[in-house]
Amino acid sequence: MVHLYGKAHVDYDDITLDAAYIQFNWDDNTVSAFGIKDSAGKLTGLPRFTQGDESYDAKELSFNFKTRKGRIRELVTQQDEGYLHSDLIKRSKDETYFGLHNKFTTCN
């Protein structure tokens, strides 16, 4: 296991991940990212996952580098002129996304 704290940043192929806390598990090829609570109890440093031209902000995420599958909790991403908000997103290896409790709006 590798633990990165603070302004953690990871580049891997065409993927960039930034968060306050990133955890690598080399045994199962996964990376997980989370925000951390500040002294006032507010979450800061929430994960930002970027692949190519697409970026996702989330409360937490996990991604398997070998299978290319992932799971994102409380996602916000911009799609053209609107924003997609989802409680839970699962990504399959062919980059198909499955969402739970989704909203599409012009508000971020």
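In short, a report on the structure. Nothing here was measured: the structure is a model prediction, and the numbers come from that model.

1. Observations regarding the overall build of the protein
For the protein, the count of helices and strands is zero helices and eleven strands. Moving toward the C terminus, one meets the helices and strands of the protein in the order β-β-β-β-β-β-β-β-β-β-β. Projected onto its principal axes, the C-alpha coordinates of the protein cover approximately 40 × 40 × 25 Å. Relative to its full complement of 108 residues, the protein shows a buried share of 33%. Considering only residue pairs separated by 6 or more positions, the protein has 29% of its internal contacts joining residues 24 or more positions apart. When the accessible surface of the protein is split by element, carbon and sulfur atoms take 50% of a total near 7,100 Å².

2. A few points about the nonpolar core
If you look at the biggest cluster of nonpolar residues, it comprises 18 residues, and the most contacted ones within it are L17, I22, V31 and F49. Ranked by residues supplied to this core, first place goes to strand β2 (residues 15-25) with five residues. Those residues in contact with I22 that sit more than four places away from it in its chain are V2, H3, L4, A8, H9, V10, L17, V31, S32 and A33.

3. As for the environment of T105
With respect to the element layout, T105 can be found in strand β11 (residues 97-105). Judged by relative accessible area, which is 28%, T105 ranks as partly exposed. Linking T105 and G82, residues 23 residues apart in sequence, is a C-alpha distance of 5.4 Å.

4. Here we look at the packing of aromatic side chains
A full pass over the atoms with the stated rule returns nine aromatic pairs. Between F24 and W26 the ring centres are 5.3 Å apart and the planes differ by 5 degrees, which places this aromatic pair in the stacked class. For F24, a relative accessible area of 9% puts it in the buried group. Relative to Y97, the ring of Y56 lies with its centre 5.9 Å away and its plane at 40 degrees, an arrangement referred to as tilted. Taken as a pair, Y56 in strand β7 (residues 54-57) and Y97 in strand β11 lie far apart in primary sequence, 41 residues in all. With a relative accessible area of 34%, Y97 lands in the partly exposed category.

About the criteria used
- Residues numbered from 1 in each chain as written.
- Predicted model: local features only at pLDDT ≥ 70, side-chain atom pairs only at ≥ 80, totals over all residues.
- Heavy atoms only, no water.
- Helix = DSSP H or I, 4+ residues; strand = E, 2+ residues; numbered from the N terminus.
- Buried < 20%, exposed > 50% of the residue type's maximum accessible area, 1.4 Å probe, protein only.
- Contact = heavy atoms within 4.5 Å.
- Areas by Shrake-Rupley, 256 points an atom, 1.4 Å probe, with all protein chains shown as cover.
- Core = buried A, V, L, I, M, F, W, Y, C linked by side-chain atoms within 4.5 Å.
- Phe/Tyr/Trp six-rings, centres within 6.5 Å; stacked < 30°, edge-to-face > 60°.

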